[in-house]
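# Observations on chain architecture
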Amino acid sequence: MLLGRFTSADLVPGGRLIERTAVRGVLFRGRELLLLASRHGDYKFPGGGVEPGESHADALRREFREECGLVDVTVGPGVGSTIEEVPAAESAYDVFRMTSHYFQCSGGVQGGSTELEGYEAELELEPRWVTVAEALAANHAVRAGGVGVMRWLVRETAVLEWLASQDT
């Protein structure tokens, strides 16, 4: 199921395309969802790019370990995907397309410290258990204020809104 498609107005029609596949985890503990909070106050789902030769499940387990310090996460069925198209940062390409696949996850135990990438450490990403409503309110406030990481804020807010709609 396509949960959202986000296309920048600044794209070159028919331009040279580079693609990336990402995986993101939807892990609930009761009514709370495990998300990553940034120093700006917004939230994103744990996850990231799938490396060559890596399965979606293996990539997601790696991301939970690196970003949240969790091991033994069970990756369940997919709940949907998003597609983002933005101007490419690399000069050899015009369009960067990222397809993010969201998976229902369960389990997980604390298994050590996080291993954040440079930009993740700069944003002070920290795992937090919050309700969908709390995360939505925070993301809407950050977006209205014009701070935060806009490249994921729209995508993650759309998925949070979809999750909120499933709770009816």
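What comes next concerns the included structure. Bear in mind that the values here come from a model prediction, so they are computed numbers and not experimental data.

## Section: the overall build of the chain
Helix and strand counts for the chain come out as four helices and eight strands. Tracing the chain from N to C terminus, the helices and strands come up as β-β-β-β-β-α-β-β-α-β-α-α. In summary, the chain has a C-alpha radius of gyration of 16 Å against a globular reference of 15 Å for 168 residues, a match within 12%. When its C-alpha atoms are laid out on the principal axes, the chain stretches across 45 × 40 × 35 Å. For the chain, long-range pairs separated by at least 24 residues make up 74% of all intrachain contacts whose partners lie at least 6 apart in sequence. Entry remark: accessible area of the chain is about 8400 Å², with carbon and sulfur atoms responsible for 51%. A distance of 2 Å separates the average location of the 16 positive side-chain charges in the chain from that of its 25 negative side-chain charges.

## A few points about helix 4 (residues 150–165)
An α-helical turn contains 3.6 residues, so any two residues separated by three or four positions project in the same direction. An ideal rise of 1.5 Å per residue puts 22 Å on 16 residues; helix 4 measures up with 23 Å between its terminal C-alpha atoms. Those residues of helix 4 not exposed but buried are Trp152, Leu153, Arg155, Glu156, Thr157, Ala158, Val159, Leu160, Trp162 and Leu163.

## Observations regarding the pattern of salt bridges
Under the definition given, this model contains 13 salt bridges. Here Glu19 and Arg97 are joined by a salt bridge, their closest N and O atoms 3.5 Å apart. Residue Glu19 is found in strand 2 (residues 17–29), and its partner Arg97 is found in strand 7 (residues 95–110); the two are separated by 78 residues along the sequence. Of the charged contacts, one joins Glu85 and Arg97 as a salt bridge, the two residues approaching to 2.7 Å between their closest N and O atoms. One end of the pair, Glu85, is in strand 6 (residues 70–87); the other, Arg97, is in strand 7, and twelve residues separate them in sequence. Sharing partners across several salt bridges, the network here consists of Arg5, Glu19, Glu85 and Arg97.

## Structural notes on the side chain of Thr82
Within the fold, Thr82 resides in strand 6. With relative accessibility at 0%, the residue Thr82 sits in the buried group. Apart from residues lying up to four places away in sequence, Thr82 is in contact with Leu2, Leu3, Gly4, Phe6, Met98, Thr99, Ser100, Tyr102, Arg155 and Val159.

## So, the packing of aromatic side chains
As enumerated under the stated definition, the model contains one aromatic pair in all. Ring geometry for Phe45 versus Tyr102: centroids 5.4 Å apart, planes at 85°, classification edge-to-face. Taken together, the residues Phe45 in the loop between strand 4 (43–44) and strand 5 (47–49) and Tyr102 in strand 7 connect sequence positions 57 residues apart. Note on accessibility: Phe45 and Tyr102 belong to one class, buried. Its guanidinium or amino end placed over the ring of Trp129, Arg29 lies 4.2 Å from that ring's centre, counting from NZ or CZ.

## Focus on the pairing of strand 6
Where strand 1 (residues 2–7) and strand 6 come together, five bridges link them in parallel fashion. Note that in strand 6 the partner of Arg5 across the bridge is Ile83. Both strand 6 and strand 7 contribute to a ladder of 14 bridges, which runs antiparallel. Note that in strand 7 the partner of Thr82 across the bridge is Ser100.

Each value, and the rule that gives it
Per chain, residues are indexed from 1 in the order of the written sequence. The model is predicted, so local features are restricted to residues of pLDDT at least 70 and side-chain atom pairs to those at 80 or more, both for listing and for counting; the totals for chains, interfaces and linings are taken over all residues. For the side-chain quantities, the full set of heavy atoms in the structure was used; hydrogens and water were omitted. Helix numbers and strand numbers start at the N terminus; a helix is a DSSP run of H or I with at least 4 residues, a strand a run of E with at least 2. We compute the radius of gyration from the C-alpha atoms alone; for a globule the expected value is 2.2 Å times N to the 0.38, where N is the number of residues. Contacts are assigned to residue pairs that have any heavy atoms within 4.5 Å of one another. The Shrake-Rupley method, run with a 1.4 Å probe, gives the accessible areas here. Residue values count only the displayed protein chains as cover. Under the counting rule used here, the positive set is Lys and Arg, the negative set is Asp and Glu, and His together with the chain ends is not counted. Where a charge sits is defined by one atom per residue type, namely NZ (Lys), CZ (Arg), CG (Asp) or CD (Glu). Here a helix's expected span is defined as the number of its residues, less one, multiplied by 1.5 Å. Remark: exposure states derive from per-residue accessible area (1.4 Å probe, protein chains only) relative to the maximum for the residue type, with buried under 20%, exposed over 50%, and partly exposed in between. What makes a salt bridge here is a side-chain nitrogen of Lys or Arg within 4 Å of a carboxyl oxygen of Asp or Glu, nothing more. For Phe, Tyr and Trp, where Trp contributes only its six-membered ring, two rings pair if their centres lie within 6.5 Å, and the inter-plane angle classes them as stacked under 30 degrees, edge-to-face over 60, or tilted in between. Whether a charge lies above a ring is judged from NZ of Lys or CZ of Arg, which has to be within 6 Å of the ring centre and within 35 degrees of the ring normal. At least two bridges found by DSSP between two strands is the condition for calling them paired.

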